[in-house]
Amino acid sequence: MSEIERVGVVGCGLMGSGIAEVSARAGLDVVVLEADQPAVDAGRARIETSLAQAVRRGKLSEDDRAATLGRIRVTWEADALGDRQLVVEAVPEIEPLKVETFRRIDKVVSDGEAVLASNTSSIPIMKLAMATQRPEQVIGVHFFNPVPVLPLVELVPSLLTSPAAAERAASFASATLGKHVIRSQDRAGFVVNALLIPYLLSSIRMLESGFATAEDIDTGMVQGCAHPMGPLALSDLIGLDTVMAVAQSMYDEFKEPLYAPPPMLLRMVDAGLLGRKSGRGFHQYG
Ligand SMILES: NC(=O)c1ccc[n+]([C@@H]2O[C@H](COP(=O)([O-])OP(=O)(O)OC[C@H]3O[C@@H](n4cnc5c(N)ncnc54)[C@H](O)[C@@H]3O)[C@@H](O)[C@H]2O)c1
């Protein structure tokens, strides 16, 4: 099987832009598909900002920054994914949107050996695989935020993923991108979110019930448990819409009250208070 050189990424938000960046920094040719021209411009700007930050921090030379950008094409034309050997889907955590996106990717990618991967945090891979004519090529490849910084990738084969596709995805994440790979069964939340989400939701319930302030809840976990950030600040970093959607998928799968998104989280998402990306969540930004 040929080595992966041509990668596609669908969605250039928080995660897709990071996945495109690390792929291009590893020397791969990257096509990123976005929804429309304004989203293409915003996505490209996100990648440029992140690369400029890497240069400022001395992690990337000016020449490598320019070469990396030269390997990334952001477009809203789906046909540009036609010759890709691996595509990572990173559109919002909305099941019908992801199912439709997989249907579309399946139609445009011509290489029968191509790996069709999802960065979903919680939607069962099987649901996405069954939207395609090649479920054996579909797998979860779950990165962590910020992608250029955090080393972990969860690899999530479904019951139908072929060993060859799983091996190819694992080699892409570890040998090519230098990530550390752990494997999970195809259960909503996989390993990390199955443990993390109940903790984040508990902190939101604690705030909602007036138990303590947001500052004190976060300070408690930073100063008392040596966590790099508190649970409310982490929810803001992930995006409250994403936290809500992941919790909802896990609740749908397991029907356990600990996964049910609390009303405070639902109302904040209704209000557009999504955390860092909107400027305000449990804390204020910018
Ligand atoms: N935020 C996190 O910390 C995190 C961590 C790991 C995994 N994830 C998962 O990654 C995925 C993306 O999350 P995110 O935080 O990057 O979301 P985001 O909202 O920042 O980005 C999603 C992007 O998808 C684009 N998009 C929407 N519809 C599209 C379409 N039809 N075609 C192409 N692009 C489209 C949007 O314009 C947006 O730029 C979700 O499945 C999420 O669960 C998120």
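Everything here concerns the structure above.
Residues numbered from 1 in each chain as written. Predicted model: local features only at pLDDT ≥ 70, side-chain atom pairs only at ≥ 80, totals over all residues. Heavy atoms only, no water.

Undergrad: Explanation requested: the nonpolar core in the structure shown.
TA: The nonpolar side chains of a soluble globular protein tend to be buried, and buried together. In this structure, Val32, Ile47, Ile139, Val141, Phe143 and Phe172 are the most contacted members of the largest nonpolar core, which totals 37 residues. In contact with Val141, not counting residues within four places along its chain, are Ala117, Ser118, Asn119, Val153, Glu154, Leu155 and Ala169. Listed in part, the 23 residues of the second largest apolar core include Leu33, Leu81, Ile123 and Phe190. (Core = buried A, V, L, I, M, F, W, Y, C linked by side-chain atoms within 4.5 Å. Buried < 20%, exposed > 50% of the residue type's maximum accessible area, 1.4 Å probe, protein only. Contact = heavy atoms within 4.5 Å.)

Undergrad: Is there a simple way to think about the packing of aromatic side chains in this case?
TA: The relation between two aromatic rings is expressed through the spacing of the ring centres and the mutual angle of the planes. Tallied over the entire structure, the rule returns one aromatic pair. Plain terms: the ring middles of Phe254 and Tyr259 are 5.6 Å apart, the flat faces sit at 40° to each other, and that makes the pair tilted. Judged by relative accessible area, Phe254 falls into the partly exposed class, the value being 34%. The buried category is assigned to Tyr259, whose relative accessible area is 11%. (Phe/Tyr/Trp six-rings, centres within 6.5 Å; stacked < 30°, edge-to-face > 60°.)

Undergrad: What is the right way to read the site of the ligand from this model?
TA: Around the ligand, the structure places 24 residues, and the nearest of them are Met15, Glu34, Glu93, Lys98 and Ser121. A distance of 2.9 Å separates an oxygen atom of the ligand from a polar side-chain atom of Asn119. Contacts to the ligand include Ile238, whose backbone N or O atom sits 2.9 Å from a nitrogen atom. For the shell around the ligand, a count of residues per class yields twelve nonpolar, eight polar and four charged. (Near = heavy atom within 4 Å. Polar contact = N/O pair within 3.5 Å; in protein donor to acceptor, adjacent residues only side chain to side chain. Nonpolar A, V, L, I, M, F, W, Y, C, P; charged D, E, K, R; others polar.)

Undergrad: When you look at the side chain of Ser203 in this model, what are you seeing that I'm missing?
TA: Residue position: Ser203 is located in helix α7 (residues 192–208). With residues up to four places along the chain from it excluded, the contact list for Ser203 reads Ile217, Pro231 and Leu232. (Helix = DSSP H or I, 4+ residues; strand = E, 2+ residues; numbered from the N terminus.)

Undergrad: Hey, could you run me through a nonpolar patch on the surface in this one?
TA: Residues Met130, Leu159 and Leu160 make up a contiguous nonpolar surface patch of roughly 370 Å² in combined accessible area. One can find Leu159 in the loop between β7 (152–157) and α6 (163–176). (Patch = residues over 30% accessible without salt bridge, like charges linked within 9 Å, V, L, I, M, F, W, Y side chains within 5 Å. Areas by Shrake-Rupley, 256 points an atom, 1.4 Å probe, with all protein chains shown as cover. Salt bridge = Lys/Arg side-chain N within 4 Å of Asp/Glu carboxyl O.)

Undergrad: Is there a simple way to think about unusual backbone geometry in this case?
TA: Omega for the bond connecting Asn145 with Pro146 falls within 30 degrees of zero, at 0°, which places this linkage in the cis form. Tracing the sequence through the fold places Pro146 in the loop between β6 (138–143) and β7. A positive phi angle, close to 60°, is found at Ala226, a residue other than glycine. Following the sequence through the fold, Ala226 ends up in the loop between α8 (214–225) and α9 (231–238). The exposed category is assigned to Ala226, whose relative accessible area is 66%. Phi at Lys255 is positive, roughly 55°, even though this residue is not glycine. Relative to the helices and strands, Lys255 is located in the loop between α10 (240–254) and α11 (263–270). Residue Lys255 is classed as exposed on the basis of its relative accessible area of 56%.

Undergrad: I keep staring at the sheet that holds strand β5 (residues 115–118) and nothing clicks. Help me out?
TA: Hydrogen bonds along the backbone pair up the strands of a sheet, which may run parallel or antiparallel. The strand order across the open sheet formed by eight strands is β3-β2-β1-β4-β5-β6-β7-β8, and the pairing between neighbours is mixed. At either end of the open sheet lies a strand with only one pairing partner, and these are β3 (72–75) and β8 (180–183). Between one strand axis and the next, the sheet turns through 25° on average, direction left out of account. Direction of pairing for β6 relative to β7: antiparallel, over a ladder of five bridges. Bridging from a neighbouring strand, Gly140 pairs with Val156 of β7. Along the sheet, α6 makes contact with β1 (6–10), β4 (86–89), β5, β6, β7 and β8, crossing β8 at roughly 145°. (Pairing = 2+ DSSP bridges. Axes fitted to C-alpha atoms, helices over the stretch in contact; angles between N-to-C directions.)

Undergrad: How do you make sense of the pattern of salt bridges when you look at a structure like this?
TA: Should their charged atoms come close, side chains of opposite charge can pair. Evaluated as defined, the whole model comprises 13 salt bridges. For Asp83, the salt bridge goes to Arg84, with nearest N and O atoms at 2.9 Å. Two residues, Lys98 and Glu93, come together in a salt bridge whose shortest N-O distance is 3.8 Å. Among the residues examined, Lys98 registers a relative accessible area of 1% and is labelled buried. The network of salt bridges with shared partners includes Arg6, Asp29, Asp83 and Arg84.

Undergrad: Help me understand the environment of Ser184 in this model?
TA: Mapping Ser184 onto the fold places it in the loop between β8 and α7. For Ser184, a relative accessible area of 12% gives the class buried. Taking the C-alpha atoms as reference, Ser184 lies 6.2 Å from Leu155; in sequence the two are 29 residues apart. The contact partners of Ser184, leaving out residues within four places of it in the chain, are Leu155, Val156, Pro157, Phe190 and Val191.

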